[in-house]
Amino acid sequence: MKALNKITTVTDKICYYVSFFSMAMIVLMMFMITADVILKKYFGSSISGCYEICQMALSTLIFSSWAYTQSVHGHIHVTMIINKFPQALRFVCFSLMSLISVVTMCFGIYGVYYQIGSVRASGECTGTLLIPYWPFYIFEWVAFILLAVVLFRDAIKAVIAIWNTDMATEIQEHWD
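As the structure is a prediction and not an experimental result, all values here were calculated from the model.

(A) Layout of the overall build of the protein chain. Secondary structure summary: the protein chain contains five helices and zero strands in total. Ordered by position from N to C terminus, the α and β elements of the protein chain give α-α-α-α-α. Here the C-alpha radius of gyration of the protein chain, 20 Å, is well above what a compact globule of 176 residues would show, namely 16 Å. Within the protein chain, the proportion of its 176 residues that are buried is 32%. Residue pairs at least 24 apart in sequence account for 74% of intrachain contacts in the protein chain once pairs closer than 6 positions are excluded. Carbon and sulfur atoms make up 70% of the accessible area of the protein chain, which totals about 10900 Å².

Take a look at the structure:
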């Protein structure tokens, strides 16, 4: 349990600091779009590539926030039915769903890894500023790995909760 608590502390801190990148992207997008609208309205010109920059910022914003949201239990858990089950069955079901989430993320990790090589080999980039896509796919890949680690950690906690009422209580306090 001490090792799991240490892993939880470390992964939560990493997710917390990665979330700052997400916040920075929101601020960047806000200033870029505001400046673009003001320039277009009052001066008749706009920021070249503003749409592309915001598109790339939005993709990093989304992926950098998923793991943090999972680490603070911000994702929705539909537990309306399993709340009625006995503790062991409740957490067997919850563990199974958590492990399916981890497997799904592993497929995503593999898909993004494949996409990095494909996009890098083809040289795909944005139309105006010629920003290459592959660095953003690398960021997406790292964010998927971080989310998979957090999901796996939570799946282990759910398995432990099958037999441990303290862990079950800790998990269930985020189900409301």
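(B) How the structure looks around the packing of helix α1 (residues 2-43) against helix α2 (residues 50-71). The geometry of α1 relative to α2 is characterised by a closest axis approach of 8 Å and an angle of 155° between their N-to-C directions. If you check the angle between α1 and α2, you find them roughly antiparallel. Both α1 and α2 take part in a crossing whose hand is left-handed. Partitioning the contact of α1 with α2 into residue classes produces 18 nonpolar, six polar and two charged.

(C) Region of the structure containing the state of the cysteines. By the definition in use, this model includes zero disulfides. Cysteine 54 provides the cysteine sulfur closest to cysteine 50, a residue in no disulfide bond, and the two sulfurs are 4.1 Å apart. The exposure class assigned to cysteine 50 is buried, which follows from its relative accessible area of 5%.

(D) Up close: the nonpolar core. Residues Cys15, Ala67, Met105, Phe144, Leu147 and Leu151 are the most contacted members of the largest nonpolar core, which totals 15 residues. Sorting the residues of this core by element identifies α2, α3 (87-122) and α4 (134-161) as the ones contributing at least two each. Ranked by residue count, the leading element in this core is α4, at seven residues. The residues touching alanine 67, leaving out its near neighbours within four places in the chain, are Cys15, Leu146, Leu147 and Val150. Judged by nonpolar contacts, the second largest core, of 11 residues, contains Phe94, Ile162, Ile171 and Trp175.

(E) The pattern of salt bridges, seen in detail. Considering all chains together, one arrives at three salt bridges under this definition. We note a salt bridge from arginine 153 to aspartate 154, for which the minimum N-O separation is 3.0 Å. Each member of the pair arginine 153 and aspartate 154 is classed as buried. Residues glutamate 170 and lysine 157 are paired through a salt bridge, measuring 3.4 Å at the closest nitrogen-oxygen approach. Placement of glutamate 170 in helix α5 (residues 165-172) and of lysine 157 in helix α4 is noted, with a sequence separation of 13 residues between them.

The rules behind each value
Residues numbered from 1 in each chain as written. Predicted model: local features only at pLDDT ≥ 70, side-chain atom pairs only at ≥ 80, totals over all residues. Heavy atoms only, no water. Helix = DSSP H or I, 4+ residues; strand = E, 2+ residues; numbered from the N terminus. Rg over C-alpha atoms; globule rule 2.2 N^0.38 Å. Buried < 20%, exposed > 50% of the residue type's maximum accessible area, 1.4 Å probe, protein only. Contact = heavy atoms within 4.5 Å. Areas by Shrake-Rupley, 256 points an atom, 1.4 Å probe, with all protein chains shown as cover. Axes fitted to C-alpha atoms, helices over the stretch in contact; angles between N-to-C directions. Parallel < 35°, antiparallel > 145°, perpendicular 65-115°, else oblique. Left-handed = near helix turned anticlockwise from the far one by under 90°. Nonpolar A, V, L, I, M, F, W, Y, C, P; charged D, E, K, R; others polar. Disulfide = S-S within 2.5 Å. Core = buried A, V, L, I, M, F, W, Y, C linked by side-chain atoms within 4.5 Å. Salt bridge = Lys/Arg side-chain N within 4 Å of Asp/Glu carboxyl O.

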